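# Tertiary structure, described
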Amino acid sequence: NAGVTQTPKFQVLKTGQSMTLQCAQDMNHNSMYWYRQDPGMGLRLIYYSASEGTTDKGEVPNGYNVSRLNKREFSLRLESAAPSQTSVYFCASSRQANYGYTFGSGTRLTVV
Amino acid sequence: TQLLEQSPQFLSIQEGENLTVYCNSSSVFSSLQWYRQEPGEGPVLLVTVVTGGEVKKLKRLTFQFGDARKDSSLHITAAQPGDTGLYLCAGARDKVIFGPGTSLSVIP
């Protein structure tokens, strides 16, 4: 099925470890996004990429880096994981943000 | 800072009842989106409304965008257990911001 694919689905890290969350979309969308979702905080934008070759900070970028590898793929990297980064991470894509996003199924990350 | 508020935060109703959830802001949006999120899954787009006063219907769900494009409502008629989930509204201007959600539980 067409859509947004995220890997892995679950991950446990120790404080200080690094990891990369992968995201790929097959809808030929220009824009891609990374969000985190925490209880009581809603969805908060970490980084986004309006088009291939560009990336911009969102609301909560500290501790994260991103790479827009090509039009299909947008990865999120945690260089040195901290317990505050325990969250559920969602990747999304859109043709035009004004008309809505397609989300992946999420990565549940726990940092101990 | 743009903020979107949703009410109620939690709602538990019996199957067959009607309900309305609200999404409010002091900001004007170019469009308003509604999503439903089930446990362990990502949000799924239900509808986008773009014109002030616009009403859209999706089976038993009715969405309305306020005349001033600052607020929206979602009305569900004859709720079913399959409607259970977290309902998120999102307002679009130069960026898209999400409300905190309304958690709906429909009891058989």
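Okay, so let's go over this structure. Since the model is a prediction, treat every value here as computed from it, not as a measurement.

About the thresholds
Residues numbered from 1 in each chain as written. Chains lettered and ligands numbered in written order. Predicted model: local features only at pLDDT ≥ 70, side-chain atom pairs only at ≥ 80, totals over all residues. Heavy atoms only, no water. Core = buried A, V, L, I, M, F, W, Y, C linked by side-chain atoms within 4.5 Å. Buried < 20%, exposed > 50% of the residue type's maximum accessible area, 1.4 Å probe, protein only. Helix = DSSP H or I, 4+ residues; strand = E, 2+ residues; numbered from the N terminus. Salt bridge = Lys/Arg side-chain N within 4 Å of Asp/Glu carboxyl O. Pairing = 2+ DSSP bridges. Contact = heavy atoms within 4.5 Å. Buried area = accessible area lost by both parts, 1.4 Å probe. Polar contact = N/O pair within 3.5 Å; in protein donor to acceptor, adjacent residues only side chain to side chain. Phe/Tyr/Trp six-rings, centres within 6.5 Å; stacked < 30°, edge-to-face > 60°.

## Thoughts on the nonpolar core
By size, the foremost hydrophobic cluster in this structure holds 22 residues, and its most contacted members are Leu19(B), Leu32(B), Trp34(B), Phe63(B), Leu74(B), Ile76(B) and Leu104(B). When contributions to this core are tallied by element, the ones reaching two or more residues are β3 (19–24), β4 (31–37), β5 (44–49), β7 (61–65), β8 (71–76), β9 (85–92) and β11 (102–107) of chain B. Trp34(A), Tyr47(A), Leu78(A) and Leu109(A) belong to the second largest nonpolar core, which has 20 residues in total.

## Notes on the pattern of salt bridges
All told, the structure shown has 5 salt bridges over all chains when counted by the stated rule. The residue Arg77(A) makes a salt bridge to Glu79(A) at a minimum N-O spacing of 3.1 Å. Owing to a relative accessible area of 43%, Glu79(A) belongs among the partly exposed residues under this scheme. Here Glu54(B) and Lys56(B) are joined by a salt bridge, their closest N and O atoms 3.9 Å apart. By relative accessible area, Lys56(B) is classed as partly exposed at 32%. Linked through salt bridges whose partners overlap, the residues forming this network are Arg36(A), Asp38(A) and Arg44(A).

## So, the pairing of β8(B)
Residue and element names in this part refer to chain B. Examined bridge by bridge, β3 and β8 share 6 bridges and lie antiparallel to one another. Note that in β8 the partner of Cys 23 across the bridge is Ser 72. Looking at chain direction, β7 and β8 are connected through 5 bridges and run antiparallel. Looking across to β8, one finds that Thr 62 is bridged to His 75. Count of turn residues in the β7/β8 antiparallel hairpin: 5 residues, of which Arg 69 carries a positive phi of about 60°.

## Quick notes on the interface of chain A and chain B
At the interface, 16 residues of chain A touch 19 residues of chain B. Where chain A abuts chain B, roughly 1,300 Å² becomes buried across the two surfaces, and 54% of that area is made up of carbon and sulfur atoms. On the chain A side of the interface with chain B, the three residues burying the most area are Leu43(A), Asn98(A) and Tyr101(A), jointly 35% of the side's total. Linking chain A with chain B are 6 residue pairs in polar contact (both at pLDDT 80 or more). Taken together, the elements giving at least two residues each to the side of chain A that touches chain B come down to β4 (31–38) and β5 (42–49) of chain A. Counting residues per element, the side of chain A that touches chain B draws most heavily on β5(A), which supplies 3 residues.

## So, the packing of aromatic side chains
The full count for this structure, using the stated rule, is 14 aromatic pairs over all chains. Plain terms: the ring middles of Tyr35(B) and Phe98(B) are 5.6 Å apart, the flat faces sit at 45° to each other, and that makes the pair tilted. Residue Tyr35(B) is found in strand β4, and its partner Phe98(B) is found in strand β10 (residues 96–98); the two are separated by 63 residues along the sequence. Assessed through its relative accessible area of 10%, Phe98(B) is described here as buried. The rings of Tyr33(A), Tyr35(A), Tyr48(A), Phe90(A), Tyr101(A), Phe103(A), Tyr35(B) and Phe98(B) are connected pair by pair, giving a single aromatic cluster.

## Quick word on unusual backbone geometry
Between Thr7(A) and Pro8(A) the backbone carries a cis peptide bond, its omega angle lying at -5°. Its location among the elements puts Pro8(A) in the loop between β1 (4–7) and β2 (10–13). Looking along the chain, the bond that leaves Ser7(B) and enters Pro8(B) is cis, with omega of -10°. By secondary structure assignment, the location of Pro8(B) is in the loop between β1 (5–7) and β2 (10–14). Phi angles above zero are rare outside glycine, and Asn28(A) is one such case at about 60°. Looking at the element boundaries, Asn28(A) is found in the loop between β3 (19–25) and β4. Asn28(A) sits in the exposed class, given a relative accessible area of 55%. Although it is not a glycine, Arg69(B) sits at a positive phi angle of roughly 60°. Positionally, Arg69(B) belongs in the loop between β7 and β8. Arg69(B) sits in the partly exposed class, given a relative accessible area of 29%.

Distances and angles like these do not, on their own, reveal function.
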